[in-house]
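Structural overview for review
The chain contents come next:
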Amino acid sequence: MPHDRVDGTTRRKAMQCLMLGSAGVLWTVKGGVPQSLQLVGDAAAAETGDFSFAQVSDTHIGFKNPINPDPNGSLNDALARITAAKPRFMLHTGDVTHLAKPEEFDTADQLLKAAKLETFHVPGEHDVIGDDGKQFFARFGRSKGGGWYSFDQDGVHFVALVNVVNLKAGGQGSLGREQIEWLEGDLKGKSASTPIVVFAHMPLWAVYPQWGWGTDDGDAALAYLKRFGSVTVLNGHIHQVIQKVEGNITCRTAYSTCFPQAAPGAAGASPGPLKVPAEKLKAMLGVRRVDVVADKVALSDATLAS
Amino acid sequence: MLVFWLGRRLAVRFAAAVLVASVAAGALVRHGAAAPTADAAVAIADFAFGPSTLAVKRGTKVTWTNKDDEPHTVVADGDPRLWKSPPLDTDDSFSLVFDHPGTYKYFCTIHPRMQGTVIVE
């Protein structure tokens with residue numbers, strides 16, 4: 001029995017050592033950041049809950065080109081797909097309207113509200129024509145000042161950026177110094193394990209600068225995001241799905257619900273609407289579902305023909 | 001002084017034009033100007049202004065016409081903006097009369113890589 005007692009003590013001590021040691025040797029991944037169990041325990045209070053949300057983009061209400069004779073119908077089709085999946089909310093990544101006319105905003109607002117989903121907006125360059133976004137922000141704005149904002153949902157930090165106002169001749173999208181400083185401050189207190197979702201209309205990276213498909217100071221914003229373990233950047237503007245992954249940052253553009261555009265730099269093409277046969281249109285329009293499961297952000301794109 | 005006309009093809013919506021231009025350019029707009037002495041045209045096509053540099057004599061009315069399937073704007077570069085067109089959808093036009101010599105740079109605020117210059121002699 002003494003042998004057993006000694007053995008037991010040893011075992012108990014060994015267990016204690018293991019527990020102490022486990023803080024350094026047992027790792028898990030939270031928000032893309034490897035962590036010890038002990039740290040995970042500390043962070044458990046802010047743990048992400050599983051949920052999904054939707055992204056809709058470039059609805060261009062007011063578009064009158066025969067390429068899509070019914071942009072309102074296309075948006076309704078897109079919203080039906082979105083609501084069927086019961087997301088918690090929806091992001092609209094800009095170009096709600098085609099020409100920023102009051103009646104276009106009215107129609108778009110009515111169609112979007114019919115989905116009965118909380119919707120977070122950022123403007124596209126079409127939404128701010130002539131008034132630097134005054135109408136857009138009056139209707140869809142969530143902050144004073146430049147229109148950028150952030151919010152938290154079940155442990156995920158969402159950042160809405162505006163890169164279509166005060167564009168400079170010869171340039172691409174632009175965030176401006178004030179917004180980038182705000183972003184730095186907004187992210188400052190966040191743990192690197194917080195999953196981050198950024199949304200803005202124009203791609204933050206240079207997809208194709210010759211067509212203005214990028215943001216002049218996008219890299220300055222991405223620099224503040226690099227330390228996070230899981231960063232998802234959702235953009236619109238180019239009416240097709242293109243993804244770039246760099247480190248822990250995944251940038252992905254989205255389908256339009258109104259008209260397609262050509263592949264970047266396609267021979268003989270311009271960044272305008274792409275003419276496609278009527279029967280092929282729905283296969284080139286679409287919506288996105290985003291699932292947040294166990295800290296992982298998964299993107300799935302579906303066309304309106306699927 | 002710069003004088004502004006706005007309309008589809010012709011300067012038929014003069015009242016509306018003055019209103020829009022007044023908002024855009026403030027004190028620079030003069031109501032009731034002398035008739036333009038010449039006409040010149042700039043085509044907006046394939047995401048470019050053509051010609052990208054246009055030289056005209058004083059008093060010339062310059063008309064931009066959008067031939068693209070995409071809307072464009074014609075907006076003076078610089079702060080404050082000397083003028084700002086409304087969005088020009090396919091086949092829409094916008095006209096300005098240039099009364100004073102100078103070099104006027106402009107761009108499309110929707111597609112800011114599209115740039116042009118009007119040189120008034």
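Residues numbered from 1 in each chain as written. Chains lettered and ligands numbered in written order. Predicted model: local features only at pLDDT ≥ 70, side-chain atom pairs only at ≥ 80, totals over all residues.

Some remarks on the environment of Tyr149 of chain A
Note on placement: Tyr149 of chain A falls in strand E6 (residues 149–153). Distance from Tyr149 of chain A to Ala78 of chain A, taken between C-alpha atoms, is 26 Å for residues 71 residues apart in sequence. (Helix = DSSP H or I, 4+ residues; strand = E, 2+ residues; numbered from the N terminus.)

Focus: the sheet that holds strand E13 (residues 296–303) of chain A
Residue and element names in this part refer to chain A. With mixed pairing, 5 strands are arranged side by side in an open sheet as E5-E4-E3-E12-E13. Two strands close off the open sheet at either side, each with one partner strand: strand E5 (119–121) and E13. Strand-to-strand twist of the sheet, defined as the mean angle between neighbouring strand axes without regard to direction, takes the value 25°. Here strand E3 (residues 51–56) runs beside strand E12 (residues 286–293); their pairing, made up of 5 bridges, is antiparallel. Considered in E12, the bridge of Ser52 is made with Asp291. (Pairing = 2+ DSSP bridges. Axes fitted to C-alpha atoms, helices over the stretch in contact; angles between N-to-C directions.)

Remarks on the pairing of strand E9 (residues 115–120) of chain B
Examined bridge by bridge, strand E4 (residues 53–56) of chain B and E9 of chain B share 4 bridges and lie parallel to one another. Across the sheet, the residue bridging to Leu54 of chain B is Val118 of chain B, located in E9 of chain B.

Re the sheet that holds strand E8 (residues 102–107) of chain B
Residues and elements named next belong to chain B. Read from one edge to the other, the open sheet built from 4 strands follows the order E4-E9-E8-E6, with strand pairing classed as mixed. Pairing within the sheet leaves two strands with one partner each, and these edge strands are E4 and strand E6 (75–76). Summarising the sheet, E6 and E8 pair through 2 bridges and their orientation is antiparallel. From the neighbouring strand, Ala76 faces E8, where its bridge partner is Tyr106.

Considering the interface of chain A and chain B
The interface is formed by 18 residues belonging to chain A together with 20 residues belonging to chain B. Partitioned by chemical class, the residues of the side of chain A that touches chain B number 7 nonpolar, 9 polar and 2 charged. (Contact = placed C-beta atoms within 7 Å. Nonpolar A, V, L, I, M, F, W, Y, C, P; charged D, E, K, R; others polar.)

Topic: helix H3 (residues 71–84) of chain A
All names here are of chain A. With 14 residues, H3 extends 20 Å between its outermost C-alpha atoms, agreeing within 8% with the 20 Å of an ideal straight helix rising 1.5 Å per residue. What H3 keeps buried is the set Pro71, Ser74, Leu75, Ala78, Leu79 and Ile82. One face of H3 carries all of its buried residues, which in axial projection span an arc of 135°. Along H3, the residues that are exposed and aim more than 90 degrees away from the buried face are Gly73 and Ala84. The inward-facing, buried residues of H3 abut E3, strand E4 (90–92), helix H4 (102–113) and E12. (Expected span 1.5 Å × (residues − 1). Buried ≥ 20, exposed ≤ 12 C-beta atoms within 10 Å, placed from the backbone. Arc of directions from axis to C-beta.)

Structural notes on the confidence of the model for chain B
Residues and elements named next belong to chain B. Across chain B, pLDDT averages 78, with 72% of residues at or above 70. Counting interchain partners and residues more than four positions distant, the pLDDT-below-50 stretch residues 5–32 has 41 contacts. Scored as a complex, the prediction yields pTM 0.84 and ipTM 0.79. (pLDDT = per-residue confidence, 0-100.)

Quick word on H4 of chain A
Residues and elements named next belong to chain A. For H4, which comprises 12 residues, the first-to-last C-alpha distance of 16 Å matches the rise-based estimate of 16 Å (1.5 Å per residue) to within 8%. Among all positions of H4, only Glu104, Phe105, Ala108 and Leu112 are buried. Projected onto a plane normal to the axis of H4, the buried residues spread over an arc of 95° and lie on a single side. Those residues of H4 that are exposed and angled more than 90 degrees off the buried face are Pro102, Glu103, Gln110 and Lys113.

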